[in-house]
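For reference, the chains in residue letters:
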Amino acid sequence: MRMTALMLQVLVVTGTGAALAAAGAGNPMDILAAQLRDQGYACDHPHSAEQDAKGSKPDEAVWVVQCEGAKYRMRLVPDMAAKVERIDR
């Protein structure tokens, strides 16, 4: 859990998952799916994760994560749990 929170903070600060992937910390899609599961959401088989550039702000990255059977919008704020909204198809 602590490592996932740290990786999410890096995602928020950098605004992208490229820094994490380059550092070998893992794929942003897998990191975000793990955070969803930690917060009680179903995301066993993630398909994609895309940053929402229009919805993001400094220190508040927004990602859309497509899982098998569900799609979520995640707002990542440093030192807080992600704010998760399920998106209906």
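Use the structure listed above.
This write-up is about the structure you can find in this document. In every chain, residue numbers begin from 1 and rise along the written sequence. Only residues with pLDDT of at least 70 are given local features in this predicted model, and only at 80 or more are side-chain atom pairs given and counted; all residues enter the totals for whole chains, interfaces and linings. To obtain the side-chain values, all non-hydrogen atoms of the structure were included, while hydrogens and water were left out.

By definition, disulfides here are pairs of cysteine sulfur atoms that lie within 2.5 Å. Under the counting rule described, the total for this entry stands at one disulfide. Note on cysteine connectivity: cysteine 43 is disulfide-linked to cysteine 67, with sulfurs 1.9 Å apart. Disulfide cysteine 43-cysteine 67: torsion about the S-S bond near -85°, hence left-handed. Taken together, the residues cysteine 43 in the loop between helix 3 (28-38) and strand 1 (46-51) and cysteine 67 in strand 2 (residues 61-67) connect sequence positions 24 residues apart. When sorted by exposure, cysteine 43 lands in the same class as cysteine 67, which is buried. The way it works is that DSSP assigns letters per residue, a run of H or I at least four long becomes a helix, a run of E at least two long becomes a strand, and they are numbered from the N terminus. Buried means the residue's accessible area, taken with a 1.4 Å probe over protein chains only, is under 20% of the maximum for its type, while exposed means over 50%, and partly exposed covers the values in between.

Tracing the backbone through its elements, the reader meets tryptophan 63 in strand 2. Looking at tryptophan 63, the relative accessible area reads 5%, which means it is buried. For the pair tryptophan 63 and arginine 75, spaced twelve residues apart in sequence, the C-alpha to C-alpha distance is 6.6 Å.

Let us now look at the environment of leucine 76. Examined against the element boundaries, leucine 76 turns out to sit in strand 3 (residues 70-76). Overall, the relative accessible area of 2% leaves leucine 76 in the buried class. Residues leucine 76 and leucine 32, spaced 44 residues apart in sequence, show a C-alpha to C-alpha distance of 9.7 Å.

Paired strands, as defined in this entry, are two strands with at least two bridges between them according to DSSP. The strand order 1-2-3-4 describes an open sheet built from four strands, whose pairing is antiparallel. Edge positions in the open sheet fall to strand 1 and strand 4 (83-87), since each of these has one partner strand only. Between one strand and the next, the sheet's axes are offset by a mean angle of 20°, whatever the strand orientation. In the sheet, strand 2 pairs with strand 3 via seven bridges, with the strands oriented antiparallel. Note that in strand 3 the partner of alanine 61 across the bridge is leucine 76. Relative to the sheet, helix 3 contacts strand 1, strand 2, strand 3 and strand 4, its axis offset from that of strand 1 by approximately 105°. Lines fitted to the C-alpha atoms define the axes, with helices restricted to the stretch that makes contact. Angles between their N-to-C directions range from 0 to 180 degrees. For this analysis, residues touch if any pair of their heavy atoms sits within 4.5 Å.

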